[in-house]
Amino acid sequence: MIRQTAWAAVALAVAVALSGCDKPPPVQANARQVTVVGSGQVQGTPDTLTADVGIEVVAPDVTAAMNQTNERQQAVIAALTADGIDTEDISTAAVTLQPQYGDNQVVTGYRAGNSLNVKIRRLDNASKALTDIVNAGGNAARINSVSFSIDDDSKLVSDARARAFEDAKNRATQYAQLSGMSLGRIISISEAPGTEPPRPAPAPAGAMAADVPLQPGRQTVGFSVTAVWELS
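Right, let's walk through the structure included here. Keep in mind that this is a model prediction, so the values were computed, not measured.

1. What to know about helix α2 (residues 62–82)
Then, number 1: Here α2 contains 21 residues, and its C-alpha end-to-end distance of 30 Å stays within 8% of the 30 Å for a straight helix at 1.5 Å per residue.
Then, number 2: Buried within α2 we find Ala65, Thr69, Gln73, Val76, Ala79 and Leu80. Taken end-on, α2 shows its buried residues confined to a sector of 115°, consistent with a single buried face. The exposed residues of α2 that point more than 90 degrees off its buried face are Thr63, Glu71, Gln74 and Ala82.
Then, number 3: Packed against the buried residues of α2 are β2 (48–59), β3 (90–101), β4 (107–120) and α3 (126–137).
Then, number 4: Gly84 lies just past α2 and shows a positive phi near 90°.

2. Examining the packing of α2 against α3
Then, number 1: With their axes 8 Å apart at the nearest point, α2 and α3 run at an angle of 150° to one another. Relative to α3, the element α2 lies roughly antiparallel. Relative to α3, the crossing made by α2 is right-handed. Listed contacts from α3 to Arg72, Ala75, Val76, Ala79 and Leu80 of α2 are Ala129, Asp132, Ile133, Ala136 and Gly137.
Then, number 2: Residue classes in the contact of α2 with α3 are distributed as seven nonpolar, one polar and two charged.

3. Points about α3
Then, number 1: Along its 12 residues, α3 runs 17 Å from first to last C-alpha, staying within 8% of the 16 Å computed at 1.5 Å per residue.
Then, number 2: Of all 12 residues in α3, nine are buried, a share of seventy percent or more.
Then, number 3: Buried within α3 are the following residues: Ala126, Ser127, Ala129, Leu130, Thr131, Asp132, Ile133, Val134 and Gly137.
Then, number 4: Here the buried face of α3 lies against β2, α2, β4 and β5 (141–149).
Then, number 5: Once α3 ends, the next one or two residues include Gly138, with phi positive near 65°.

Calculation criteria
Residues numbered from 1 in each chain as written. Predicted model: local features only at pLDDT ≥ 70, side-chain atom pairs only at ≥ 80, totals over all residues. Heavy atoms only, no water. Helix = DSSP H or I, 4+ residues; strand = E, 2+ residues; numbered from the N terminus. Expected span 1.5 Å × (residues − 1). Buried < 20%, exposed > 50% of the residue type's maximum accessible area, 1.4 Å probe, protein only. Arc of directions from axis to C-beta. Contact = heavy atoms within 4.5 Å. Axes fitted to C-alpha atoms, helices over the stretch in contact; angles between N-to-C directions. Parallel < 35°, antiparallel > 145°, perpendicular 65-115°, else oblique. Left-handed = near helix turned anticlockwise from the far one by under 90°. Nonpolar A, V, L, I, M, F, W, Y, C, P; charged D, E, K, R; others polar.

What follows is the structure, given as C-alpha cells:
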C-alpha cells in the first residue's frame, strides 16, 4: 500500500509539471511604449571630383597594343601631376587586353585598355585637368564618368543624426500627449544612413576642345532613426 501511494504521488507531480509547460509566458508588467521613425537631412557643397578615365588602343598585335596604351597612359599621368594632382590620388582601376575577331573568327588585332581613378581635390582645377587628360591621351582617351563628393562630411553627418533624433523625439512626445500619457525613458535606437550618392556625369572621348564647365551642385547627407520610448 505504501509503495502504491508513493508511485501515485510521483505520477501526480509529473502531471502537474507537464501541464505547466502548456501555459503562455507571463505578460510584461510595462508594455506601454511608442515606436517612431525620425529623419534628418543637411546639405553641403561638394569639394572633390573623382574621374574614371582611361586609354584604349586597338593594334594589329599584342605588343603594339600594350605599348601604345602604356605610352598614352604615362602621358596622362604626367599631365595630371603637372596640374598639381598628387600621385596618391591617381590609382589604376583596370587593365584589359582582348583579341578582336573578324570573319570566320580570325583574330584581326588586339584591344588594350588601362583605366585610372583620379581624385581632384581642387575643383577650380578640375576642368583643366579633364581637358589635359584628353589632350595627353588623344583619340585613345576615355572619360567614362565624373562624380562629386564631400571629402570630410563628418560635421554634416553629425548634424543630420541630431536632426533625425530630434524629429523622432518630437513625434514620440506628440503621440504620448495624444494618448494622455508622458514620454518615459528611451529603450532603443537604430539608424540607417541616407546619404544621397553623387551623380556621375558621363563625358565621351574627344568631346572637349576647351575646359569643360563643371557644376558640383549640392549633396544631401541624411539619416533615418527608429527609436522606442516607454510611456507612463
